[in-house]
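Geometric and topological summary
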Amino acid sequence: PTSDARAGEAGAPAVIAHRGASAYAPENTLAAIDKAAQLGLSWVENDVQRTKDGQLVVIHDDSLRRTTNVKDVYPGRAPWKVKDFTAAEIARLDAGSWFSPAYAGTRIPTLERYMRRVEHNHEKLLLELKSPELYPGIEQQTLRLLGKEGWLDRGHLGRLIVQSFSSDSVRTVHDLEPEVTTAYLGTPSVAQLHDYARFSDLINPPYGALSKGYVAAVQTFKGPHGRQLGVFAWTVNDAATAREVAAYGVDGMITNKPDVVRSAVASG
Ligand code: G3P
Ligand code: CA
């Protein structure tokens, strides 16, 4: 049913485009989610951080250096932390040329703009609060924006998961908006799962940390909404690994090459 944000299609594991279809377009940009939509994918993952003047933006690294031309535009401002630049300054940066000249002029999207494009594309959103310890209150702020954009409406909740490497952050999201599906990024020990299951609906580990036994152990727990705990593994980028990880019984795979993973899983 629509209330279960974890459901894959037709019983196969869900396939989630990591930072968008980031093997084919610059990560965490509107181009990357448009590409995922063109490939017929429904889930996109992103990373959310905050500017100096309090705007939520979509970018993976704490620094602007790797994925923009910030060194050229603002040469004196090393180490170019996202939190030290205003939204207007960030809006001037080219976040596409590092990936390919074909994407020159691509911008870092605000979360608001990004969510509207996800909606326009009829996609589902796995939203990561990245480095939340750098951004006090980012949980409340993100939920407020999600609410304003309609993502917390009953019919919409099945299209949203909020995840973080910070268990404190995942717990805060659950406490503030108990209806939202949540995921913890990491690999808690089986002994710790009882605690994590109080506030997290999914456990999302790197695939190298997985075994069939671990996935089965996770799936014996019930999450905060009374459903079986789910497992989304990351980052699976080739067909052989996708088949291996699917055989562990995971509920989803997060991938830079969603087309490759989807065909690998579909062909069994
Ligand atoms: O969604 C899983 C994955 O995104 C976690 O690692 O560093 O790509 O955010 P990272
Ligand atoms: Ca991420």
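Residues numbered from 1 in each chain as written. Chains lettered and ligands numbered in written order. Predicted model: local features only at pLDDT ≥ 70, side-chain atom pairs only at ≥ 80, totals over all residues.

1. Observations regarding the overall build of the protein
When helices and strands are tallied, the protein shows 10 helices and nine strands. Counting only C-alpha atoms, the protein reaches 50 × 40 × 35 Å along its principal axes. Of the contacts formed within the protein by residues at least 6 apart in sequence, a portion of 59% connects residues at least 24 apart. (Helix = DSSP H or I, 4+ residues; strand = E, 2+ residues; numbered from the N terminus. Contact = placed C-beta atoms within 7 Å.)

2. Some words on the nonpolar core
Counting residues in each nonpolar core, the largest one holds 71 residues, and the members touching the most others are Ile16, Phe232, Ala233 and Met253. For this core, the element with the most residues is helix α1 (residues 30-38), which contributes five residues. In this structure Ala233 touches Pro205, Tyr207, Leu210, Val245, Val250, Met253 and Ile254, once residues within four positions along its chain are discounted. (Core = buried A, V, L, I, M, F, W, Y, C linked by C-beta atoms within 7 Å. Buried ≥ 20, exposed ≤ 12 C-beta atoms within 10 Å, placed from the backbone.)

3. Describing the UniProt feature "domain: GP-PDE" (unreviewed entry) in the protein
Under the local residue numbering, the UniProt record ascribes the feature "domain: GP-PDE" (unreviewed entry) to residues 13-265. What you have in residues 13-265 is 30% helix and 17% strand, and the ends, taken at the C-alpha atoms, are 8 Å apart. (UniProt positions renumbered as here; feature names shortened; annotations may be inferred.)

4. A word on the site of ligand 1
Looking at ligand 1, the residues that line it are His18, Glu45, Asp47, His60, Glu128, Leu185, Asn204, Trp234 and Ile254. For the shell around ligand 1, the class distribution of residues is three nonpolar, three polar and three charged. (Near = placed C-beta within 6 Å. Nonpolar A, V, L, I, M, F, W, Y, C, P; charged D, E, K, R; others polar.)

5. Some points on helix α4 (residues 111-120)
Residues Leu111, Tyr114, Met115 and Val118 constitute the buried set of α4. All buried residues of α4 project into a common sector of 95° when viewed along the axis, lining one side. (Arc of directions from axis to C-beta.)

6. Points about the pairing of strand β2 (residues 43-50)
The element β2 is largely enclosed, with a buried count of seven among its eight residues. As paired strands, strand β1 (residues 14-17) and β2 are joined by two bridges and run parallel to one another. Paired with Ala17 across the bridge in β2 is Val44. Pairing of β2 with strand β3 (residues 56-58), which is carried by three bridges, proceeds in the antiparallel orientation. If you follow Val48 over to β3, its bridge partner there is Val58. (Pairing = 2+ DSSP bridges.)

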